[in-house]
Amino acid sequence: MVRPAAMIAACAVGLMAAGQGRAAERLGGEQIRRAFEGNTVTGLYTGSNLPFSEYHHPDGRVSGHNRDMPNTDACWITTEDAVCYYYGPHETRRTYCFTIETSGSLTVIRSRPSGRINGLARIEPGDPHGYAGKAEWVCDGLISQVPPMTRRLARR
């Protein structure tokens, strides 16, 4: 049986080869929200080839896994031109923001503000892996209370 991560890697390589003549489109915040909300983003981190797969609940929760570790207390929000995630309880919360580019069905996730490619993914319609029933937390919207430097980076 082929692991989903291996399938994604093969698809990403094929898509990159097929799409070399096609320019990537950078999405704005509203476009990201429409693409991610109610759908699952599944891919591989570029530095480690470890998998991630996350269902983006319309209420801001994110369920699924990162690097094969189940998400707990994970939430998402879009800014003017990025998607930001925060993971963990308030005391130990980590926040990450990314710009999103698409080329055909390939989604390129770039770290903010460095612009380094963080992952390659595809957007799966709905919740094909059944992650939604496993998210029992509430997103508290405290992304606005992360340290000031991170807040400024999210708005760039």
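Above this note sits the structure.
Attention now moves to the overall build of the protein. Scanning the protein from N- to C-terminus turns up three helices and ten strands. Ordered by position from the N terminus, the helices and strands of the protein form the series α-β-α-β-β-β-β-β-β-β-β-β-α. For the protein, contacts bridging at least 24 residues in sequence account for 52% of all contacts bridging at least 6. In the form shown here, the protein has an accessible surface area of approximately 8500 Å², with 56% of it arising from carbon and sulfur atoms.

If you add up the space inside the largest pocket, you get close to 430 Å³. Around the largest pocket, the lining is made up of 23 residues, and of these Tyr-45, Asn-66, Arg-67, Tyr-87 and Tyr-96 lie nearest the centre. It is strand E8 (residues 94–103) that contributes the most residues to the lining of the largest pocket, four residues altogether.

Another aspect to go through is the nonpolar core. Counting residues in hydrophobic clusters, the biggest one holds 20 residues, and the most contacted among them are Phe-36, Val-83, Tyr-85, Ile-100 and Ile-109. The element contributing the most residues to this core is strand E7 (residues 83–87), with four residues.

For the rest of this paragraph, the subject is the side chain of Glu-124. With respect to the helices and strands, the residue Glu-124 is situated in strand E10 (residues 117–124). By relative accessible area, Glu-124 is classed as buried at 8%. Of the polar contacts made by the side chain of Glu-124, one reaches the side chain of Arg-122; its length is 3.1 Å. Looking at Glu-124, its side chain comes within polar contact range of the side chain of His-129, at 2.9 Å. Not counting the four nearest positions on each side in its chain, Glu-124 is found in contact with Asn-39, Thr-40, Thr-42, Ser-53 and His-129.

Turning our attention to helix H2 (residues 29–36). All of the buried residues in H2 are Gly-29, Ile-32 and Phe-36. Taken end-on, H2 shows its buried residues confined to a sector of 60°, consistent with a single buried face. Buried residues along H2 sit in contact with strand E2 (40–45), strand E3 (51–56), strand E6 (75–78), E7, E8 and E10. Within two residues after H2, Gly-38 carries a phi angle of roughly 80°, on the positive side.

Bringing the packing of aromatic side chains into the picture now. Scanning the model with the defined rule gives four aromatic pairs in all. Plain terms: the ring middles of Tyr-87 and Tyr-96 are 6.1 Å apart, the flat faces sit at 55° to each other, and that makes the pair tilted. Judged by relative accessible area, Tyr-87 falls into the buried class, the value being 13%. Members of the aromatic cluster, each reached through a chain of ring pairs, are Tyr-85, Tyr-87, Tyr-96 and Phe-98. Here the guanidinium or amino end of Arg-67 rests over the ring plane of Tyr-45, the centre of that ring lying 3.9 Å away.

Attention shifts here to the side chain of Ser-53. Mapped onto the elements, Ser-53 comes out in strand E3. A polar side-chain atom of Ser-53 sits 3.1 Å from a polar atom in the side chain of Tyr-131. Sequence-distant contacts of Ser-53, that is, excluding residues within four places in its chain, are made with Thr-40, Val-41, Thr-42, Ser-63, Gly-64, His-65, Glu-124, His-129 and Tyr-131.

On to the pattern of salt bridges. Between side chains of opposite charge, a pair can form when the charged atoms approach closely. Enumeration over the complete set of coordinates arrives at eight salt bridges. Salt-bridge contacts for Arg-33 lead to Glu-30; the nearest nitrogen and oxygen are separated by 2.4 Å. Residue Arg-33 and its partner Glu-30 are located together in helix H2, separated by three residues, close to a single helical turn. What makes Glu-30 partly exposed here is its relative accessible area of 42%. Between Glu-30 and Arg-34 there is a salt bridge, and its shortest N-O distance comes to 3.7 Å. Note that Glu-30 and Arg-34 are positioned in helix H2 at a spacing of four residues, about one turn of the helix. Through salt bridges with shared partners, one network takes in Glu-30, Arg-33, Arg-34 and Glu-37.

Rules and cut-offs
Residues numbered from 1 in each chain as written. Predicted model: local features only at pLDDT ≥ 70, side-chain atom pairs only at ≥ 80, totals over all residues. Heavy atoms only, no water. Helix = DSSP H or I, 4+ residues; strand = E, 2+ residues; numbered from the N terminus. Contact = heavy atoms within 4.5 Å. Areas by Shrake-Rupley, 256 points an atom, 1.4 Å probe, with all protein chains shown as cover. 1 Å grid on protein atoms, 1.4 Å probe; cavity = no way out; pocket = protein on both sides within 12 Å on 5 of 7 lines; lining within 4 Å. Points joined across faces, edges and corners; volume = space filled by probe spheres on them. Core = buried A, V, L, I, M, F, W, Y, C linked by side-chain atoms within 4.5 Å. Buried < 20%, exposed > 50% of the residue type's maximum accessible area, 1.4 Å probe, protein only. Polar contact = N/O pair within 3.5 Å; in protein donor to acceptor, adjacent residues only side chain to side chain. Arc of directions from axis to C-beta. Phe/Tyr/Trp six-rings, centres within 6.5 Å; stacked < 30°, edge-to-face > 60°. Lys NZ or Arg CZ within 6 Å of the ring centre and 35° of its normal. Salt bridge = Lys/Arg side-chain N within 4 Å of Asp/Glu carboxyl O.

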